[in-house]
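Per-entry structural report
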Amino acid sequence: MTEAITQIRAKGLQTAVLSNNFYLPNQKSFLPLDRKQFDVVVESCVEGICKPDPRIYKLCLERLGLQPSESIFLDDLGPNVKAAASLGIHTIKVNDPETAVKELEALLGFTLRLGVPNTQPVRKTMEIPKDSLKKYLKDLLGIQTTGPLELLQFDHGQSNPTYYIRLANRDLVLRKKPPGTLLPSAHAIEREFRIMKALANAGVPVPNVLDLCEDSSVVGTPFYVMEYCPGLIYKDPSLPGLEPSHRRAIYTAMNTVLCKIHSVDPQAVGLEDYGKQGAYIPRQVRTWVKQYRASETSTIPAMERLIEWLPLHLPHQQRTTLVHGDFRLDNLVFHPEKPEVLAVLDWELSTLGDPLIDVAYSCLAHYLPSSFPVLRGFNDCDLTQLGIPAAEEYFRMYCLQMGLPPTENWNFYMAFSFFRLAAILQGVYWRSLTGQASSAHAEQTGKLTEFVSNLAWDFAVKEGFRVFKEMPFKNPLTRFCHTWARSQSQWYPIGTRSYSSVPEASPAHASRGGLVISPESLSPPVRELYHRLKRFMEQHVYPAEPELQSHQASAARWSPSPLIEDLKEKAKAEGLWNLFLPLEADPEKKYGAGLTNVEYAHLCELMGTSLYAPEICNCSAPDTGNMELLVRYGTEAQKARWLMPLLEGKARSCFAMTEPQVASSDATNIEASIREEDSFYVINGHKWWITGILDPRCQLCVFMGKTDPHAPRHRQQSVLLVPMDTPGIKIIRPLTVYGLEDAPGGHGEVRFERVHVPKENMVLGPGRGFEITQGRLGPGRIHHCMRLIGFSERALALMKARIQPPTAEGREQERGLRRPCFHWSCRVKSRVAFGKPLVEQGTVLADIAQSRVEIEQARLLVLRAAHVMDLAGNKAAALDIAMIKMVAPSMASRVIDRAIQAFGAAGLSSDYPLAQFFTWARALRFADGPDEVHRATVAKLELKHRI
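Within each chain, residues carry numbers counting from 1 in the order of the written sequence. With the structure being a predicted model, the display of local features is reserved for residues of pLDDT at least 70 and the display and counting of side-chain atom pairs for 80 or more, all residues being used for whole-chain, interface and lining totals. Derived side-chain values reflect all non-hydrogen atoms in the structure, with water molecules and hydrogen atoms excluded from consideration.

With respect to the overall build of the protein chain
Stated precisely, the cut-off is as follows: By the criteria applied, helices consist of DSSP H or I runs no shorter than four residues and strands consist of E runs no shorter than two, each listed in order from the N terminus. Relative accessible area decides the class of each residue, using a 1.4 Å probe on protein chains only: under 20% of the type maximum gives buried, over 50% gives exposed, and in between gives partly exposed. Contacts are assigned to residue pairs that have any heavy atoms within 4.5 Å of one another. The accessible surface values rely on the Shrake-Rupley method and a 1.4 Å probe; as for residues, cover is taken only from the protein chains in view.
The helix and strand tally for the protein chain stands at 29 helices and 27 strands. Within the protein chain, buried positions represent 54% of all 947 residues. Long-range contacts, defined as pairs at least 24 residues apart, comprise 70% of the intrachain contacts of the protein chain with a sequence gap of at least 6. Counting only carbon and sulfur atoms, one obtains 53% of the accessible surface of the protein chain, whose full area is about 41200 Å².

Rendered as structure tokens:
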């Protein structure tokens with residue numbers, strides 16, 4: 001009927017649906033149809049009358065602008081048809097859709113049935129001899145006919161050419177090997193034939209196969225013949241034109257039939273020798289590496305990394321079942337009118353093996369864009385709106401039906417699935433160069449292989465921590481140097497750290513996921529970026545600190561410093577902008593520099609040596625967390641409105657979660673309310689310590705409140721994007737931290753009183769707030785810890801400078817020969833106390849030694865946490881993140897306190913950055929959650945995993 005409607009509208013005729021339907025609990029009408037197919041929709045629940053009441057027919061005709069004699073009415077209920085006929089409408093009683101379509105064709109005078117779907121004329125390079133094929137089929141089918149043989153080629157599939165055949169009223173499908181030289185073990189149509197023959201009575205829907213012909217003289221290569229199975233093949237996995245409930249039903253049916261395949265007893269159907277028992281995944285890795293090498297046309301870096309990485313990360317195979325090998329939506333034939341799989345096609349890669357390979361492969365579309373030309377995806381679509389289950393839900397659905405616990409190696413299976421797809425695409429491209437490819441679009445696949453291999457590597461990075469924990473370092477870690485030097489009496493780092501016995505990370509070392517603990521061991525591009533940032537700090541940031549500090553203490557402090565804005569433009573020009581977004585959140589580098597968390601850690605530490613550098617490089621909180629939130633969870637409209645201005649530095653933002661009346665370190669405690677009213681959400685609440693809200697550039701408040709106090713504890717909260725110019729936002733006062741105002745952003749106490757926010761400003765959906773904040777706070781809080789290492793290094797450098805004997809440069813300054821340009825420099829002369837220089841005081845030397853040890857310990861723990869986030873994801877790094885939140889702020893407080901002690905009273909003043917460093921280090925023990933919370937988290941995880 002859908003095809004008939006399409007043909008009717010193509011002729012310029014109108015269509016209408018006249019429905020006896022009802023309202024759902026949400027007051028929306030229930031009508032499981034694509035309304036776009038109809039010019040008029042008349043619903044009984046809306047109009048208050050139903051069929052067979054003549055008034056509803058007249059209403060429909062009136063809206064169509066037609067007379068009864070100009071219309072045709074189809075219905076499967078006799079009373080409804082009778083009522084229409086009494087008005088003079090042509091009617092068709094639908095008992096069988098096929099018969100009804102034939103009657104409708106007779107009334108309309110034109111055909112409504114399309115040709116064979118998904119076919120096209122046979123491509124010249126894929127032509128086969130019709131005469132010999134016709135003779136073969138007549139002998140096979142035992143028919144005598146002089147009629148022509150109709151031959152078409154199916155337009156989908158990239159491997160074995162597939163043809164539609166019509167001969168003497170028989171509809172058949174022929175599938176053959178492609179011509180020419182083939183890759184070893186590829187295009188095994190014999191296996192396809194065997195498994196479909198075996199599964200015919202095993203509860204798995206497969207086409208009825210008729211014969212396997214291995215005589216190449218018939219059509220040029222071996223082939224098999226099966227009966228044509230009419231039905232729908234959904235080539236677009238987003239299923240356009242279907243209702244959300246229908247889409248979900250389609251994916252549920254797909255999941256169910258996969259479970260049927262994996263539940264078949266191979267021995268019972270005679271397939272016990274269809275593949276080797278055990279070691280399936282290692283064999284698959286070797287096979288696809290071999291296939292890729294055989295068709296390789298150029299070096300693809302991600303493929304090289306994967307070829308080395310995959311054998312090191314093999315999961316232990318738990319089960320052996322029948323495996324389809326290429327299980328995806330467009331290899332299934334569905335019933336035209338209900339979500340039921342009629343046939344599973346394309347068994348070329350089937351074998352006995354690990355069934356999770358099929359599950360992962362069937363989720364490829366979840367991670368591919370809708371513009372991907374060979375295998376469309378929907379990662380740029382809203383799955384909730386579509387009704388399609390997310391990959392995680394689809395996997396849980398499978399495990400539930402099979403009675404299995406979820407696997408811990410999901411990211412490996414996805415990495416391998418994309419690696420295999422990349423190898424397949426490379427093979428298709430290689431065949432296109434020799435004219436053997438079965439698809440007309442095969443030449444496009446050359447540039448797609450690299451794209452897919454990069455997706456595979458993204459999953460490999462998430463999975464890799466399992467091996468990282470077991471991987472021994474082959475070379476001892478040797479500390480080369482750690483120098484902090486002076487330049488024109490400015491005490492800041494100009495040296496570099498190096499902790500590797502190799503000067504830089506080789507590609508092989510990097511591909512194994514080694515922990516990079518020295519800037520000099522970063523990859524060449526990131527190492528160059530690090531040194532560029534270091535030069536920028538020395539030339540522009542440190543010299544500007546006195547003026548920026550003076551502005552913060554002036555009457556104009558609540559206005560942004562013009563010097564800051566000028567330095568931002570310089571940072572942009574030098575490519576030192578938006579460095580914070582992790583590669584995992586921004587794999588295409590659309591928004592940032594595409595650094596891993598470990599790579600950014602080294603740069604973030606360097607920025608942390610100045611209180612002002614993070615903002616200058618657009619890498620300061622809370623904007624970094626809010627931008628990552630929008631990248632990860634925002635809709636395209638939300639990104640366009642708020643993400644882009646934040647990324648460009650044209651706006652700033654704040655995050656409203658903490659409340660004065662509750663312990664907000666537990667996000668489930670928050671009491672601010674979000675209530676639905678008409679087309680808006682209305683928020684009411686009292687928040688405080690809202691960093692950045694006083695800044696005149698602040699345009700966005702990310703607000704967390706409760707939408708449903710009666711929902712499960714972690715599903716009560718939601719996150720809204722609130723424009724700062726919305727009426728009802730009342731800033732009560734700025735708050736100070738140990739007397740510091742932190743202008744111009746400040747920390748505000750705010751009331752939200754009946755603030756109306758459009759519904760489209762909800763992030764992800766109601767009840768997703770806790771999930772969002774956990775995703776936001778992991779990376780954001782590790783950034784604080786990275787910067788605290790920078791605080792500590794700067795404090796230690798100042799402390800060492802304070803006690804060391806004068807240099808020639810210092811003596812010049814003492815004599816007035818050179819004017820110091822940085823008023824936070826130390827007085828460069830030997831400090832004496834109790835009869836001897838400070839440098840000779842044992843307690844001071846002990847403090848320096850203790851500070852160095854604590855900094856190094858904390859840095860390694862921070863880098864390890866970043867490394868785990870890169871390799872295994874934020875959730876897997878929960879323990880490491882909790883540990884660094886415990887360690888880094890306390891360590892920084894101790895190191896900075898020792899430096900203040902060495903400075904004496906001067907250390908308490910604003911003449912040096914130490915007092916501000918200490919203030920923020922101490923404050924972060926609250927901002928990043930109380931130490932008690934992190935200790936409890938570490939203890940729980942320790943008891944859970946390490947008994």
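Details of the sheet that holds strand β10 (residues 223-227)
Within a sheet, adjacent strands bond to each other through the backbone by hydrogen bonds, running parallel or antiparallel. For clarity, the cut-off: At least two bridges found by DSSP between two strands is the condition for calling them paired.
In space, the six strands of this open sheet follow the order β5-β6-β7-β8-β10-β9, with antiparallel pairing throughout. A strand with exactly one partner marks an edge of an open sheet, and here the two such strands are β5 (119-120) and β9 (209-213). Here β5 runs beside strand β6 (residues 150-154); their pairing, made up of two bridges, is antiparallel. If you follow Gln120 over to β6, its bridge partner there is Gln153.

Focus: the pairing of strand β21 (residues 680-691)
With five bridges connecting them, strand β20 (residues 673-677) and β21 associate as antiparallel partners. In the strand pairing of β21, Glu677 is matched with Phe680. In sequence, β20 turns back onto β21 through a hairpin of two residues, with Asp678 there showing a positive phi of about 55 degrees.

A closer look at the packing of helix α10 (residues 301-309) against helix α15 (residues 448-463)
What counts, and what does not: Axis definition: a line fit to C-alpha positions, over the contact stretch in the case of helices; interaxial angles, taken between N-to-C directions, run 0 to 180 degrees. Orientation is classified from the angle alone, with under 35 degrees giving roughly parallel, over 145 giving roughly antiparallel, 65 to 115 giving roughly perpendicular, and any other angle giving oblique. Handedness of each helix crossing follows the sense of rotation of the near helix against the far helix: counterclockwise by less than a right angle gives left-handed, clockwise gives right-handed. Residue polarity follows a fixed list, in which Ala, Val, Leu, Ile, Met, Phe, Trp, Tyr, Cys and Pro are nonpolar, Asp, Glu, Lys and Arg are charged, and the others, Gly among them, are polar.
At a minimum axis separation of 8 Å, α10 and α15 run at an interaxial angle of 40 degrees. Judged by the angle between their axes, α10 and α15 are oblique. As α10 packs across α15, the resulting crossing turns out to be left-handed. Listed contacts from α15 to Pro301, Ala302, Met303, Arg305, Leu306 and Trp309 of α10 are Glu450, Ser453, Asn454, Ala456, Trp457, Ala460 and Glu463. Of the residues contributing to the contact of α10 with α15, the split by class is eight nonpolar, two polar and three charged.

A closer look at the nonpolar core
Generally speaking, a soluble globular protein has its nonpolar side chains buried in company with each other. What counts here: We define the nonpolar core as a collection of buried residues of types Ala, Val, Leu, Ile, Met, Phe, Trp, Tyr and Cys that are connected through side-chain atoms lying within 4.5 Å of one another.
Core analysis: the largest hydrophobic core is formed by 100 residues, its most contacted members being Tyr600, Ile896 and Leu914. The element that contributes the greatest number of residues to this core is helix α24 (residues 769-803), accounting for twelve residues. Every residue in contact with Leu914, bar those within four places of it in the chain, is listed here: Ala795, Leu798, Ile896, Ala899, Ile900, Phe903 and Gly907. By size, the runner-up hydrophobic cluster in this structure holds 93 residues, among which are Leu199, Ile250, Val344 and Phe372.

Regarding the packing of aromatic side chains
Note the cut-off: Pairing of aromatic rings covers Phe, Tyr and the six-membered ring of Trp, with a centre-to-centre limit of 6.5 Å; geometry is then stacked below 30 degrees between planes, edge-to-face above 60, and tilted otherwise. Two conditions define a charge sitting above a ring: the NZ of Lys or the CZ of Arg must be within 6 Å of the ring centre, and it must be within 35 degrees of the ring normal.
Taken as a whole and assessed by the stated rule, the structure comprises 19 aromatic pairs. Geometrically, the ring pair formed by Trp309 and Phe412 is stacked, given 6.1 Å between the ring centres and 25 degrees between the ring planes. With Trp309 in helix α10 and Phe412 in helix α14 (residues 410-433), this pair connects stretches of sequence that are 103 residues apart. Members of the aromatic cluster, connected to one another through ring pairs, are Trp309, Phe412, Tyr413 and Trp457. A cation sits over an aromatic face here: Arg420 above Tyr361, 4.2 Å from the ring centre. Between the NZ or CZ atom of Lys687 and the centre of the ring of Phe703, over which it lies, the distance is 4.9 Å.

Here we look at unusual backbone geometry
Between Lys51 and Pro52 the backbone carries a cis peptide bond, its omega angle lying at 10 degrees. Mapped onto the secondary structure, Pro52 falls in the loop between α2 (44-47) and α3 (54-64). Between Ala743 and Pro744 the backbone carries a cis peptide bond, its omega angle lying at 5 degrees. Residue position: Pro744 is located in the loop between β24 (729-735) and β25 (747-758). Of note in this structure, Asn578 is not a glycine but carries a positive phi near 50 degrees. For Asn578, the location among the structural elements is in the loop between α19 (562-573) and α20 (597-607). Despite not being glycine, Tyr738 has its phi angle at roughly 50 degrees, a positive value. Summarising the element assignment, Tyr738 is placed in the loop between β24 and β25.

Notes on the side chain of Ser417
Here Ser417 is to be found in helix α14. If we skip the residues at most four places from it in the chain, Ser417 touches Ile357, Ala360, Tyr361 and Leu364.

So, the side chain of Ser890
Assignment of secondary structure puts Ser890 in helix α27 (residues 878-903). Residues contacting Ser890, with those up to four places away along its chain left out, are Arg925 and Asp931.

Focus: the packing of helix α18 (residues 524-552) against α19
One way to put it is that α18 packs onto α19 with a least axis distance of 11 Å and a crossing angle of 170 degrees. In this view, α18 runs roughly antiparallel relative to α19, as classed from their interaxial angle. Listed contacts from α19 to Phe536, His540, Ala544, Glu547 and Leu548 of α18 are Leu563, Ile564, Leu567, Lys570 and Ala571. Across the contact of α18 with α19, the residue classes tally to seven nonpolar, one polar and two charged.

A closer look at α14
Quick reminder of the rule: Under the convention used throughout, the expected extent of a helix is 1.5 Å for every residue step, that is, one less than its residue count.
Compared with an ideal rise of 1.5 Å per residue, which puts 24 residues at 34 Å, α14 spans 35 Å between its outermost C-alpha atoms and is within 8% of the ideal. Here α14 lies mainly inside the structure; 20 of its 24 residues are buried.

Re the pattern of salt bridges
Under the convention used in this document: Here, a salt bridge means any side-chain nitrogen of Lys or Arg that lies within 4 Å of a carboxyl oxygen of Asp or Glu.
Scanning all chains against the criterion turns up 50 salt bridges. Connected through shared salt-bridge partners, Glu565, Lys568, Glu615, Asp623, Arg652, Asp695 and Arg697 make up one network.

Things to note about the pairing of strand β3 (residues 72-75)
What counts is decided by this rule: Think of it like this: strands point away, you trace from the first strand over the helix to the second, and a clockwise trace means the crossover is right-handed.
Side-chain alternation along β3 places Phe73 and Asp75 on a buried face and Ile72 and Leu74 on a face that remains uncovered. Examined bridge by bridge, β3 and strand β4 (residues 90-93) share four bridges and lie parallel to one another. Bridge pairing in β4 links Leu74 to Ile92. Viewed along the sheet, the connection from β3 through helix α4 (residues 78-86) into β4 turns out right-handed.

A few points about the confidence of the model for the protein chain
Here is the rule: The quantity known as pLDDT measures the predictor's confidence residue by residue, on a range of 0 to 100.
On average, the protein chain scores 84 in pLDDT, and the residues at 70 or more come to 86%. Every residue in residues 437-442 scores below 50 in pLDDT, and together they form 22 contacts with partners more than four places removed in sequence or on other chains. Confidence over residues 808-829 falls short of pLDDT 50; this stretch has 58 contacts with residues more than four positions distant or in other chains.

Considerations on the environment of Pro712
Within the secondary structure, Pro712 sits in the loop between β22 (698-706) and β23 (717-723). Spatially, the C-alpha atoms of Pro712 and Gly767 are 9.2 Å apart, while their sequence positions differ by 55 residues.

Structural notes on the state of the cysteines
The following threshold applies: The term disulfide is used for any two cysteine sulfur atoms that are within 2.5 Å.
Scanning the entire structure with this criterion turns up zero disulfides. Cys654 forms no disulfide, and the closest cysteine sulfur to it belongs to Cys701, at a distance of 3.7 Å. Using a relative accessible area of 0% as the deciding quantity, one classes Cys654 as buried.

Looking at helix α6 (residues 130-141)
For clarity, the threshold we go by: To be clear, the arc concerns the directions from the helix axis to the C-beta atoms.
Counted at 1.5 Å a residue, the expected span for α6 with its twelve residues is 16 Å, and the 16 Å between its end C-alpha atoms agrees. Leu133, Lys134, Tyr136, Leu137 and Leu141 are the residues of α6 that are buried. Buried residues of α6, seen end-on, are gathered within an arc of 165 degrees and therefore sit on one face of the element. Every exposed residue of α6 that faces more than 90 degrees away from the buried side is listed here: Asp131, Lys135 and Asp139. Buried residues along α6 sit against β6, β7 (162-167), β8 (170-176), β9 and β10. The positive-phi residue at the C-terminal boundary of α6 is Gly142, with phi of around 65 degrees.

Digging into the environment of Tyr163
Test applied: Two N or O atoms count as a polar contact when they lie within 3.5 Å, although within protein this holds only if one can serve as hydrogen donor and the other as acceptor, and sequence-adjacent residues are included solely when both atoms are side-chain atoms.
Mapped onto the secondary structure, Tyr163 falls in strand β7. As for Tyr163 and Val122, which are separated by 41 residues in sequence, their C-alpha atoms are 8.1 Å apart. Discounting residues that sit within four places of it in the chain, Tyr163 has contacts with Val122, Met126, Ile128, Leu151, Leu152, Gln153, Phe154, Leu172, Val173, Leu174 and Lys176. Looking at Tyr163, its side chain comes within polar contact range of the main-chain oxygen of Met126, at 2.5 Å.

Points about the environment of Asn411
Tracing the sequence through the fold places Asn411 in helix α14. Separated by 462 residues in the primary sequence, Asn411 and Gly873 place their C-alpha atoms 9.9 Å from one another. Discounting residues that sit within four places of it in the chain, Asn411 has contacts with Phe459, Lys462 and Glu463.

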